[in-house]
Amino acid sequence: MSYTALYRKYRPQSFTDVKGQDAVVATIRNQIHAGRIGHAYLFCGTRGTGKTTIAKIFAKAVNCEHPKDGSPCGECASCRAITAGNSMNVIEIDAASNNGVDNIREIRDEVAYAPTEGRYKVYIIDEVHMLSIGAFNALLKTLEEPPAYVIFILATTEAHKIPVTILSRCQRYDFHRISIDTISERLQELLEQEQAQAEEKAVRYIAKAADGAMRDALSLLDQCMAFYMGEKLTYDHVLEVLGAVDTERFSGIFRAVTASQITAVMQQIEELVAEGRDLSQFVGDFTWYLRNLLLLQSSEDMEDVLDVSSENLALLKEECSMADSAQLMRFIRVFSELSNQVRYSTQKRILIEIAFIKLCRPQMEADTSSILARLTQLEKKIEEGAILPAAPIQAANEPAAKPAMPKAISEDIRQAVKNWRSILAQMPDAISAFLRKAHLSIGEGNVLLIVMDEPILCEMLTEEERLKEITDTISGCIGKEVQVQIKQNDTGQPFEKAFVDLEQVVHMEIEYEDFSD
């Protein structure tokens, strides 16, 4: 026999099996028990919250031969036929693929015929918001005055797209997201039935990742169990399968950000990429982590709201004092903007790196929150006594001392400058993007000087791996080894006044040679 997915195998068959929708279930059971059954229902809610499942149980209950307190017995011929999908009284329609006027006209023609067995014909129209305007209009009259033996159940995830004329003719039930505790309890029950073992922490993470959808939770559990077949499912296993990041990693990244340690942050991102973590999910989870810090900083009574372990709670309490609320709100703003950009980007890593650079270097932005963050950093440096003495003020009319032009520029340096654009094309995307803002000059001993105006980019390019990548690429393009040095323009003067512009010099030489020819 072929394998059946967990969400299909353990789909609730009676109202007592439904978890997390107590208000909806109680109301429908009372209606059935009292015989006050409506002719049209609208089930609204996010995916995987039980809309179609309760619709099918509803269809069984109204046709059951021996109902018990408004719930189907599950044993009569009608219940068995509906469970097996063989009943002629329950018609399921996917509005996403049957959204035309002709499809609804077929329904309108069919409702004229009474059920051959059972009391009600139940039409379950899933994703009803996908119907066209013409189809809604065709459904309108039938929905308003259907035969006594017909019940319509419309299910949708986007109720705002349904015309008001349809909404006003239905009893509306809103399905809420299922809590993490409820999903965790259900997963533990199924694990016992499947004779499988899992850590409580692993189960709770799956429940949290499901985002309130029971079906998603069962699918994720199925995926994790399949990957580690026959083994106890651990928290680390779940993180590996789902491509997620542990909370302790967020803690390390946050501490590096508050200390403005860009290199440490970049190393952490490099490790995440090497481990194959989902970068989009990382952005969302880190934003959630910052939200937890802000909530804990805002009030001392937030421990029950956060839903974290005691170990992680201790870390959060320690870290929420490392940044004030204005900084945390700025961090959340930057990452909220990033989540929209990352979703459709092919260069997720670069966008994430730039976002972290913004967090570490608020001077890159000019908005109010960034200015406040810069002032906070300045106050911290003053307290630590790390403020450097001010540079001597240069007289207004005194020209800046410009390095002297060397007597001879080596042929290797000339070739590198002439082919600079081709060299950039051979660089990795991130390094190439940074170097496009660079200026070329020459240092003592015919060293190729790459001058950066922005200190952040200079710091990143001087890392050993990136500097080696730059040197190797230049040497490979011109066929000779060239000594390269990355330098920041910290003179307070424009590049042209403080350094020899090697690109301009070599360009003039090329023009002169062409003129002489």
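Just above sits the structure.
One structure accompanies this document, and this report is about it.

The rules behind each value
Residues numbered from 1 in each chain as written. Predicted model: local features only at pLDDT ≥ 70, side-chain atom pairs only at ≥ 80, totals over all residues. Heavy atoms only, no water. Helix = DSSP H or I, 4+ residues; strand = E, 2+ residues; numbered from the N terminus. Expected span 1.5 Å × (residues − 1). Buried < 20%, exposed > 50% of the residue type's maximum accessible area, 1.4 Å probe, protein only. Polar contact = N/O pair within 3.5 Å; in protein donor to acceptor, adjacent residues only side chain to side chain. Pairing = 2+ DSSP bridges. Axes fitted to C-alpha atoms, helices over the stretch in contact; angles between N-to-C directions. Contact = heavy atoms within 4.5 Å. Parallel < 35°, antiparallel > 145°, perpendicular 65-115°, else oblique. Left-handed = near helix turned anticlockwise from the far one by under 90°. Nonpolar A, V, L, I, M, F, W, Y, C, P; charged D, E, K, R; others polar. Disulfide = S-S within 2.5 Å.

Here we look at helix H14 (residues 279–298)
Each α-helix winds once per 3.6 residues, and so residues spaced three or four apart point in a common direction.
Logical step 1: The end-to-end C-alpha distance of H14, which contains 20 residues, comes to 29 Å, matching closely the 28 Å that a straight helix rising 1.5 Å per residue would cover.
Logical step 2: Those residues of H14 lying buried are Leu279, Phe282, Val283, Phe286, Thr287, Tyr289, Leu290, Asn292, Leu293, Leu294 and Leu296.
Logical step 3: For H14, the N-terminal cap is Asp278; the gap from its side-chain oxygen to the backbone nitrogen of Ser280 is 3.0 Å.

Some details on the sheet that holds strand S7 (residues 447–452)
Logical step 1: Ordered in space as S6-S7-S8, the 3 strands form an open sheet in which the pairing is mixed. If you trace the sheet from one side to the other, it starts and ends with strand S6 (439–443) and strand S8 (484–488), each paired once. Averaged over all pairs of adjacent strands, the angle between strand axes in this sheet comes to 35°, irrespective of strand direction.
Logical step 2: The pairing of S7 with S8 spans 5 bridges and is classified as parallel. By the bridge assignment for S8, Ile450 is matched with Ile486.
Logical step 3: Of the strands in this sheet, S7 and S8 touch helix H24 (residues 464–478), which is tilted by about 130° from S8.

What to know about the packing of helix H12 (residues 247–258) against helix H13 (residues 262–274)
Logical step 1: Close contact between H12 and H13 brings their axes to 8 Å; oriented N to C, the two are set at 155°. When the axis of H12 is compared with that of H13, the two are roughly antiparallel. In this structure, H12 crosses over H13, and the sense of that crossing is left-handed. For the pair formed by H12 and H13, the contact residues are Arg249, Gly252, Ile253, Ala256 and Val257 on the first element and Ala264, Val265, Gln268, Glu271 and Leu272 on the second.
Logical step 2: Partitioning the contact of H12 with H13 into residue classes produces 6 nonpolar, 2 polar and 2 charged.

Considerations on the state of the cysteines
Every disulfide links exactly two cysteines, by a covalent bond between their sulfur atoms.
Logical step 1: One pass over the structure, following the stated rule, counts 0 disulfides.
Logical step 2: The thiol sulfur of Cys76 is not disulfide-bonded, and the nearest other cysteine sulfur, from Cys79, lies at 3.4 Å.

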